[in-house]
Amino acid sequence: MSKKGKIRVLIAKPGLDGHDRGAKVIARALRDSGMEVIYTGLRQSPEDIVEAAIQEDVHFIGLSILSGAHTHIFPRVVELLNEREASDIKIIAGGIIPDEEIPKWNEIGIEAIFGPGSSTNDIIDYIKGSAN
Amino acid sequence: MNKNEIIDKLKEKNIRAVARLLTLIENEEKEAENILKEIWNFTGKSYIIGITGPPGAGKSTIVDLLSKMAIEKGHKVGVLAVDPTSPFSGGAVLGDRLRMTSSQETGIFIRSVASRGHLGGLAATTRFMINAIEMLDNDLTIVETVGAGQGDVEIVQIADTTIVVEVPGLGDEVQAQKAGILEIGDILVVNKCDRPGSDRLARELKMMLSLGEKKDWMPPIVGTTATNGDGFDFLWKEIKNHKKYLGTDRKAEMRLKRINYELENQVSQKLFTKKMVQIGTNEISKMSKKILERKIDPLTAVEEIIRE
Ligand code: B12
Ligand SMILES: Nc1nc2c(ncn2[C@@H]2O[C@H](COP(=O)(O)OP(=O)(O)OP(=O)(O)O)[C@@H](O)[C@H]2O)c(=O)[nH]1
Ligand SMILES: [Mg+2]
């Protein structure tokens with residue numbers, strides 16, 4: 001990344017899930033660490049999210065899901081990124097994701113998952129490390 | 001994607017290529033300059049609408065509705081939405097897109113831009129970013145400024161039609177009179193007409209306009225409620241009127257003036273940097289010392305440094 005380059009992250013809330021506290025907390029924390037965060041709000045479809053991520057040329061898509069809908073949203077976002085030849089955009093996620101599922105999601109391309117109580121500093125460090 | 005790949009894909013109107021070029025431009029990479037040089041001939045074709053006004057006035061919501069309308073009327077639209085960078089962290093939460101969900105469905109291109117410390121309501125590279133988006137063949141580009149204060153009038157240097165959005169309840173008449181941004185509007189919008197005070201604000205604006213100097217184009221005042229679409233047919237009509245008023249001649253004249261101004265700026269900045277490097281900081285500090293010791297006066301010092 002160049003001197004002037006910034007890490008850009010799209011924070012998205014897919015589906016009908018209305019729990020947006022976590023997404024907002026993360027958006028603010030990333031901003032305060034110097035990143036540019038595009039917050040797209042509630043009720044985004046995987047198609048919306050991938051299109052926005054491409055237009056915004058982000059390094060990361062951050063999915064916040066507390067409703068259980070991750071089981072079909074995760075694979076769909078991965079699939080759409082592949083279709084658009086944009087699989088260099090990394091996916092991270094947070095919310096209510098059962099621990100035992102995490103390896104499975106990592107395998108299909110969700111790079112990292114941060115559940116309730118995760119420290120925002122750990123998340124920032126992870127993103128900064130992964131961006132380089 | 002390297003330079004040639006980007007250029008090839010730009011010619012196919014590939015969205016990723018445009019998005020990547022935008023990143024290169026905003027990071028002020030040398031690569032961006034090289035690409036811009038090669039695509040320059042394809043750019044400059046869109047009509048540019050600028051939207052400015054105080055924070056939270058409803059700019060993004062208006063952009064969303066206008067874009068949707070324009071698309072329904074057969075236009076192709078690109079949007080640049082600028083939000084402020086935090087002066088403390090250098091980061092930003094770019095929230096304009098949040099309000100642009102209804103036009104998003106139509107496949108419109110929207111790019112959120114952080115001001116990255118640039119003053120004036122835009123980012124330093126906004127002009128070139130518009131050119132990059134024009135590679136998608138859009139005939140309309142809408143630019144939303146950061147929530148603007150009084151000095152943030154840079155948008156007029158870029159837009160063909162500048163829309164200034166005001167809302168009731170922000171302050172009294174006095175504040176409106178001070179606001180330099182009112183003078184730059186080709187169209188004045190009073191948004192949030194569902195709120196009390198909008199009639200009064202419209203009357204005040206009208207009064208201020210009638211007290212100002214008479215111009216060929218007198219800005220119309222349009223009342224809107226962006227949350228339900230009221231007033232947007234009228235707003236669209238006024239945009240078309242202004243476009244017609246500009247015609248090809250006035251528009252070309254206006255754009256020439258801006259290019260001229262911009263070129264002058266760029267040249268003087270480059271010359272300045274070049275000369276400063278030539279002189280060197282050493283020379284400046286040596287001279288400063290002499291001035292302090294009263295061995296030379298500051299006026300002569302400047303002359304001597306420049307002459308060298
Ligand atoms: C507050 C809350 C609500 C509030 C939400 C307010 C709001 N605007 O956000 C209200 C009361 C509205 C609510 C409603 C409901 N809720 Co509720 N709610 C909670 C609760 C108690 C806390 C969530 C929260 O805000 N935590 C604080 C934030 C900061 O934490 P967080 O979101 O987890 O985020 C952290 C990490 O997960 C991570 N993270 C989150 N997102 C992201 C994104 C990225 C990119 C990264 C890197 C990290 C990351 O970082 C954050 C910081 O550590 C949870 C239980 C719990 N302990 O989690 C239930 C919970 C999520 N709710 C639940 C349910 C069922 C509901 C309802 C369906 C209840 C009902 N029957 O009506 C409704 C649905 C509402 C809707 N439309 O979606 C269930 C979900 C069960 C499931 N997934 O199977 C939970 C788990 C409670 C439970 N144990 O049953 N809820
Ligand atoms: N009541 C009412 N609310 C409106 C109207 N237009 C916009 N809003 C609301 O005003 C808030 C701000 O709207 P935005 O469109 O984000 O305003 P903005 O000028 O783009 O804000 P910044 O980009 O942050 O400066 C949102 O909650 C909108 O829903 C309107 O006509 N009436
Ligand atoms: Mg806005």
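Above this note sits the structure.
Figured I'd write up the structure that's included with this text. (Residues numbered from 1 in each chain as written. Chains lettered and ligands numbered in written order. Predicted model: local features only at pLDDT ≥ 70, side-chain atom pairs only at ≥ 80, totals over all residues. Heavy atoms only, no water.)

1. Regarding the coordination of the magnesium ion (ligand 3)
Residues and elements named next belong to chain B.
Line of reasoning, step 1. Of the protein atoms, only Ser-60 (OG), Asp-96 (OD) and Glu-144 (OE) coordinate the magnesium ion (ligand 3), at distances of 2.0 to 2.2 Å.
Line of reasoning, step 2. Mapping the donors of the magnesium ion (ligand 3) onto the primary sequence gives the spacing S-x35-D-x47-E. Within this pair, whereas Ser-60 is found in helix α4 (residues 59-72), its partner Asp-96 is found in the loop between β3 (92-94) and α5 (101-104), the two being separated by 36 residues in sequence. Each of the two residues, Ser-60 as well as Asp-96, counts as buried. (Donors = N, O, S within 2.8 Å, 3.2 Å for Na, K, Ca; no water. Helix = DSSP H or I, 4+ residues; strand = E, 2+ residues; numbered from the N terminus. Buried < 20%, exposed > 50% of the residue type's maximum accessible area, 1.4 Å probe, protein only.)

2. A short note on the sheet that holds strand β2 (residues 77-83) of chain B
Residues and elements named next belong to chain B.
Line of reasoning, step 1. Spatially, the 7 strands line up as an open sheet ordered β4-β2-β5-β1-β6-β7-β8, and their pairing is parallel. The open sheet has two edge strands with one neighbour each: β4 (109-114) and β8 (221-223). Neighbour-to-neighbour, the strand axes of this sheet turn through a mean angle of 20°, independent of strand direction.
Line of reasoning, step 2. One ladder, built from 4 bridges, connects strand β6 (residues 161-166) with strand β7 (residues 187-190); its direction is parallel. Paired with Ile-163 across the strands is Ile-187, a residue of β7.
Line of reasoning, step 3. Against the sheet, α4 touches β1 (47-52), β2, β5 (140-144), β6 and β7, its axis set at about 175° to β5.
Line of reasoning, step 4. Along the sheet, helix α9 (residues 232-292) contacts β1, β6, β7 and β8; its crossing angle with β1, the most-contacted strand, is approximately 120°. (Pairing = 2+ DSSP bridges. Axes fitted to C-alpha atoms, helices over the stretch in contact; angles between N-to-C directions. Contact = heavy atoms within 4.5 Å.)

3. Some remarks on the site of ligand 2
All names here are of chain B.
Line of reasoning, step 1. The environment of ligand 2 is formed by 19 residues, the closest being Lys-59, Ser-60, Thr-61, Asp-194 and Ala-226.
Line of reasoning, step 2. One of the side-chain N or O atoms of Thr-61 is found 2.5 Å from an oxygen atom in ligand 2.
Line of reasoning, step 3. The contact in question runs from an oxygen atom of ligand 2 to an N or O atom on the side chain of Asp-96, over 3.0 Å.
Line of reasoning, step 4. A total of 650 Å² of accessible area belongs to ligand 2 in isolation, and the protein chains cover 78% of it.
Line of reasoning, step 5. With 3 residues, α4 is the largest single contributor of residues to the shell around ligand 2.
Line of reasoning, step 6. Taken together, the residues that form the shell around ligand 2 break down as 3 nonpolar, 8 polar and 8 charged. (Near = heavy atom within 4 Å. Polar contact = N/O pair within 3.5 Å; in protein donor to acceptor, adjacent residues only side chain to side chain. Areas by Shrake-Rupley, 256 points an atom, 1.4 Å probe, with all protein chains shown as cover. Nonpolar A, V, L, I, M, F, W, Y, C, P; charged D, E, K, R; others polar.)

4. Here we look at a nonpolar patch on the surface
All names here are of chain B.
Line of reasoning, step 1. A cluster of nonpolar side chains, contributed by Leu-263, Val-267 and Leu-271, occupies part of the molecular surface with about 290 Å² of accessible area.
Line of reasoning, step 2. Inspection of the secondary structure puts Val-267 in helix α9.
Line of reasoning, step 3. Among the residues examined, Val-267 registers a relative accessible area of 43% and is labelled partly exposed. (Patch = residues over 30% accessible without salt bridge, like charges linked within 9 Å, V, L, I, M, F, W, Y side chains within 5 Å. Salt bridge = Lys/Arg side-chain N within 4 Å of Asp/Glu carboxyl O.)

5. Things to note about the site of ligand 1
Residues and elements named next belong to chain A.
Line of reasoning, step 1. The environment of ligand 1 is made up of 25 residues, and the closest members are Gly-18, His-19, Ser-64, Leu-66 and Ser-118.
Line of reasoning, step 2. Between ligand 1 and Leu-66, the relevant distance is 2.7 Å, taken from a nitrogen atom to a main-chain nitrogen or oxygen of the residue.
Line of reasoning, step 3. At a separation of 3.0 Å, an oxygen atom of ligand 1 approaches a polar backbone atom of Gly-95.
Line of reasoning, step 4. Every element with two or more residues in the shell around ligand 1 is listed here: α1 (21-32), β3 (60-65) and β4 (90-95).
Line of reasoning, step 5. In terms of residue class, the shell around ligand 1 is built from 10 nonpolar, 12 polar and 3 charged.

6. Concerning the packing of helix α1 (residues 3-11) of chain B against helix α3 (residues 30-39) of chain B
All names here are of chain B.
Line of reasoning, step 1. In the contact formed by α1 and α3, the axes pass within 10 Å of each other and the chain directions differ by 40°. The two elements α1 and α3 cross, and the hand of that crossing is right-handed. For the pair formed by α1 and α3, the contact residues are Lys-3, Ile-6, Ile-7 and Leu-10 on the first element and Glu-31, Asn-34, Ile-35, Glu-38 and Ile-39 on the second. (Left-handed = near helix turned anticlockwise from the far one by under 90°.)

7. A few points about the pairing of β1 of chain B
All names here are of chain B.
Line of reasoning, step 1. Counting buried positions over the 6 residues of β1 gives 6, a clear majority of the element.
Line of reasoning, step 2. The alternating pattern of β1 places Tyr-47, Ile-49 and Ile-51 and Ile-48, Gly-50 and Thr-52 on opposite faces, both of which are buried.
Line of reasoning, step 3. With 4 bridges connecting them, β1 and β6 associate as parallel partners. Bridging across to β6, Ile-49 finds its partner in Thr-161.

8. A few points about α1 of chain B
Residues and elements named next belong to chain B.
Line of reasoning, step 1. For α1, the complete set of buried residues consists of Ile-6, Ile-7 and Leu-10. Buried residues along α1 cover an arc of 100° about the axis, so they all sit on one side.
Line of reasoning, step 2. Considering only its buried residues, α1 is in contact with α2 (15-26) and α3.
Line of reasoning, step 3. For α1, the N-terminal cap is Asn-2; the gap from its side-chain oxygen to the backbone nitrogen of Asn-4 is 3.1 Å. (Arc of directions from axis to C-beta.)

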